[in-house]
Amino acid sequence: MADLPIVRFEEKIIETVEKNPVVVVIGETGSGKSTQLSQMLYKRGYAKSGMIAVTQPRRVAAVSVSRRVAQEQNVRLGEEVGYAIRFEDRTSEKTHIKYLTDGVLLRESLFNPELNQYSVIILDEAHERSLNTDILLGLMKRLIKWRHSNLKVLITSATLDGGKVSRFFSDCPVLTVPGELFPVEIVHISERPKNYVEASLKTAIDIHVREPEGDILIFLTGQDDIEKLVMKLEKKIQSLDEGSCLDALILPLHGSLPPEMQVRVFSPPPPNCRRFIVSTNIAETSLTVDGVVYVIDSGYVKQRQYNPSTGMYSLEVVQISKVQAKQRAGRAGRTRPGKCYRLYPSMVYHDDFLDATVPEIQRSSLAGTVLYLKSLDLADMDILKFDFLDSPSIESLEDALKQLYLVDAIDENGSITSLGRKMAELPLEPSLSRTLLEANELDCLSQALTVVSMLSAETTLLPAPSKISEKKRKHTPSNLPDGAGLGDHIQLLQIYEQWYQTDYNIDWCKENNLQVHGMVFVRDVRKQLSQIMQKIAKGSLDVQTSKRRRDSPQEYRILRKALCIGYANQLAERSIRHNGYRPLGFKSELVQVHPSSVLKADEDGMLPNYVVYHELIVTSRPFMRNVCAVEMRWVAPILAKLEKLNVFKLSGGSSQPDKQIQEVTLNVEKKEIATIQSPEDRDSRIQAARERFLARKGQK
DNA sequence: CAGCGAAGG
């Protein structure tokens, strides 16, 4: 066993776990918690009545950590030590220590709520507060109380606020294990720069000229800024006197780079050469670059945010949290003492930065999460009162309930329907799982499987067009199908069917500018979904190629109907006079069809009266991305449903319908209905709503 | 016309 700091605490850890059902272990980077905790517990016999599970927020981490543990245990990976991630289960009957993604553990818990196969569950990297880990935290709190067989839960994290988690788990003990990082000197700039790309350039060049060897890692927010800085750095370094300093190798690093470009940061630099790695927050946690001695931290990050009252997402540049700033600085101290240059004053850090990043659960649409929790049938379950470490807003939960009602996953009283149960079994957003189930009824399942799979990978399909490569692409018109003018879902279907006809030819993807990895992922998703649908499928699951003429609108009519019913929560109505749309069921302004859409206007230049959309995203303006034309006759029942919508009742507030206390303002209703004011705490709001309801009831 | 932080089933 390696000589890691955590080993010295073995006795203390075992003793604490022995006496307590839940233990929080705080361990900085390099403490060895991810690899050693599971082995310690295994050695002490904790795997006798079940496996030891260790969750990770990321697939690569689950694989790489399990591989290391298998090595240390001197066993073959997949036998005594294994891992499970989507599409890949490398465990066997022999397995005692199992690494898995938090998402996989959630799926397992859907089919075995007591998780009896495990005697110990370790939630690793809990400080990252991934949506899935947050749900698991809530479930673990219930499980340690209700499970019949014995269960030990360990929550491990780097810089998490241990006190908070401890309070969440009825004041469970917190053990702190030191990390093994070298000291990192922090340098703050005295004033925030106007342009942080320029400021990064200047700082990087200063380091290059003055400081001894060691790679520089620069954190910016996105691809655009990264490309700008890479170009500026190249120009500037060329202009420096040859031989006056080290050679330089400049590497961009972000998620839209093809994997072969990403792995370049793992190959060691040539001798006498300094690397400049210009990165997004991907290098904060997901990828660890060796050899970094200097970090330049812009203090910003791009974050996706969901607004439950408008149903819109936005991707905004926001200040990082203190936790993130520490994490970034720590990247400089992995191999020897380092330096971190922060492009913001220390006052900003202390006074402006949040202590911790806003957890994902407070920034996402929760339709899928709420459906998942409903399907668990927790006995004392009131979704508005589920015990989260940090609760999402009541607006967000009500929005989720409203969406689930519109797609028939819950009934008007908020109870899960049999349809909803089937939906929860599919690893998809509710609108997509609803589409699949409807397509099964309407006999277009094979097409729907393809569309839904394509959408699951949508962002990874097209190579990220950068401003630099954009000009080239404009001269190479796409040979891809156009969705028969009916919309983007149809186009995605046609693209996949064409690929299928080439027998999944990789070169075809390249010729058509489709990311190979993305398309292979779509194929995997489609296979997985087909397997799940198999037991209830009424028609064929195989990819079918069109019997009728490819651009015949009839070809896709049934599929579009299934999409309309599936996306009942993402439906928009066109204005009478122009091509702006109003999303139905949300309080929101006009939105436009995104210019990249293949949806076609009629001879008069007008777009369809109704469309469903995959996503509402605010960039320069609010846009609908991925739209599909639907027909009025399919929309009518949804409009009727929207009119009867009673969110109060959906949230289990009453068994009596009462239209007057409807809490959301809907576009379908021409009159404005007052929304509940927002008192600070949600319990008092639930109480207030109940009192108002009772008062009204009394008046009648 | 506009634009893609990171992750997961």
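Residues numbered from 1 in each chain as written. Chains lettered and ligands numbered in written order. Predicted model: local features only at pLDDT ≥ 70, side-chain atom pairs only at ≥ 80, totals over all residues. Heavy atoms only, no water.

## Some words on the overall build of chain A
- In terms of helices and strands, chain A carries 24 helices and 21 strands.
- Residue pairs at least 24 apart in sequence account for 74% of intrachain contacts in chain A once pairs closer than 6 positions are excluded. (Helix = DSSP H or I, 4+ residues; strand = E, 2+ residues; numbered from the N terminus. Contact = heavy atoms within 4.5 Å.)

## Notes on the layout of surface pockets
- Put simply, the second largest pocket is a space of about 1000 Å³.
- Forming the walls of the second largest pocket are 33 residues, and the residues nearest its centre are T29, R68, E125, T288 and R334.
- Residue assignment for the lining of the second largest pocket shows that the elements contributing at least two residues are α2 (33–43) and α3 (59–73).
- Of all the elements, α3 adds the most residues to the lining of the second largest pocket, at six residues.
- Looking at the lining of the second largest pocket residue by residue, the class counts come to nine nonpolar, 14 polar and ten charged.
- Composition of the lining of the second largest pocket by domain shows at least three residues from each of domain 1 (5–177) and domain 2 (184–358). (1 Å grid on protein atoms, 1.4 Å probe; cavity = no way out; pocket = protein on both sides within 12 Å on 5 of 7 lines; lining within 4 Å. Points joined across faces, edges and corners; volume = space filled by probe spheres on them. Nonpolar A, V, L, I, M, F, W, Y, C, P; charged D, E, K, R; others polar. Domains from an automatic or database assignment.)

## What to know about the sheet that holds strand β7 (residues 152–157)
- Taken in spatial order, the eight strands line up as β4-β3-β5-β2-β6-β7-β1-β8 in an open sheet, and their pairing is mixed. Edge positions in the open sheet fall to β4 (88–90) and β8 (174–177), since each of these has one partner strand only. The average undirected angle you get between the axes of adjacent strands in this sheet is 20°.
- This element, α3, spans β2 (51–56), β3 (81–85) and β5 (97–101) of the sheet and lies at about 170° to β3. (Pairing = 2+ DSSP bridges. Axes fitted to C-alpha atoms, helices over the stretch in contact; angles between N-to-C directions.)

## Regarding the pairing of strand β15 (residues 312–319)
- Strand direction decides the pairing type here: strand β14 (residues 300–307) and β15, joined by eight bridges, are antiparallel. The residue bridging Y300 from the neighbouring strand is Q319, located in β15.
- From the end of β14 to the start of β15, which pair antiparallel, there are four residues, and G311 there has a positive phi angle of about 75°.
- Relative to strand β20 (residues 610–618), β15 is paired through two bridges, and the arrangement is parallel. Bridge assignment links Y313 to a residue of β20, and that residue is I617.

## Section: unusual backbone geometry
- Notably, N74 is not glycine yet its phi reads approximately 60°, a positive angle.
- Positionally, N74 belongs in the loop between α3 and β3.

## Observations concerning helix α8 (residues 223–239)
- Taking 1.5 Å per residue, 17 residues should reach 24 Å; α8 reaches 25 Å between its end C-alpha atoms and fits that length.
- All buried positions along α8 are accounted for by Q223, D225, I226, E227, L229, V230, L233 and I237. (Expected span 1.5 Å × (residues − 1). Buried < 20%, exposed > 50% of the residue type's maximum accessible area, 1.4 Å probe, protein only.)

## Details of the domain arrangement of chain A
- The assigned domain composition of chain A is domain 1 (5–177), domain 2 (184–358) and domain 3 (366–658).
- With centres defined by C-alpha atoms, the gap from domain 2 to domain 3 works out at 36 Å.
- Counting from both sides, the interface comprises 17 residues of domain 2 and, opposite them, 20 residues of domain 3.
- Surface buried jointly by domain 2 and domain 3 totals about 1500 Å² across both partners, of which 58% is contributed by carbon and sulfur atoms.
- Where domain 2 packs against domain 3, one counts one salt bridge.
- Close ionic contact of R304 with E615 constitutes a salt bridge, the shortest N to O distance being 2.8 Å.
- Linking domain 2 with domain 3 are six residue pairs in polar contact (both at pLDDT 80 or more), by the criterion used here.
- Counting only elements with at least two residues in the side of domain 2 that touches domain 3, the list comes to α8, β14 and β15. (Buried area = accessible area lost by both parts, 1.4 Å probe. Salt bridge = Lys/Arg side-chain N within 4 Å of Asp/Glu carboxyl O. Polar contact = N/O pair within 3.5 Å; in protein donor to acceptor, adjacent residues only side chain to side chain.)

## Digging into empty space enclosed by the protein
- A full pass over the atoms with the stated rule returns one cavity of 30 Å³ or more.
- The space that makes up the largest cavity amounts to roughly 40 Å³.
- The class makeup of the residues in the lining of the largest cavity is five nonpolar, one polar and two charged.

## Remarks on the pattern of salt bridges
- Overall, the coordinates contain 36 salt bridges when judged by the stated rule.
- Residues D387 and K141 are paired through a salt bridge, measuring 2.7 Å at the closest nitrogen-oxygen approach. Note that D387 is positioned in the loop between α12 (367–375) and α13 (394–406) and K141 in helix α5 (residues 131–146), a separation of 246 residues in sequence.
- Judged by relative accessible area, D387 falls into the partly exposed class, the value being 36%.
- For the salt bridge of K228 with D225, the shortest nitrogen-to-oxygen distance reads 3.7 Å. With K228 and D225 both in helix α8 and three residues apart, this pair spans about one turn of that helix.
- Classification of K228 as partly exposed rests on a relative accessible area of 44%.
- Residue classification places D225 among the buried residues on the basis of a relative accessible area of 16%.

## Let's talk about the state of the cysteines
- What the rule picks out here adds up to zero disulfides.
- Between C444, a free cysteine, and C628, which holds the nearest cysteine sulfur, the sulfur-to-sulfur gap is 11 Å. (Disulfide = S-S within 2.5 Å.)

## Let's talk about the packing of aromatic side chains
- Tallying each qualifying case throughout the model produces eleven aromatic pairs.
- Geometrically, the ring pair formed by F168 and F169 is edge-to-face, given 5.0 Å between the ring centres and 85° between the ring planes. The exposure classification of F168 matches that of F169, with both residues buried.
- Chaining the aromatic ring pairs together yields one cluster made of Y496, W499, Y500 and Y504. (Phe/Tyr/Trp six-rings, centres within 6.5 Å; stacked < 30°, edge-to-face > 60°.)

## What about the pairing of strand β17 (residues 571–574)?
- The sheet contact formed by β17 and β20 spans three bridges and is antiparallel. Paired with E573 across the two strands is Y610, which belongs to β20.
- Pairing of β17 with strand β18 (residues 581–583), which is carried by three bridges, proceeds in the antiparallel orientation. Each residue of the ladder has a partner; that of R574, found in β18, is Y581.

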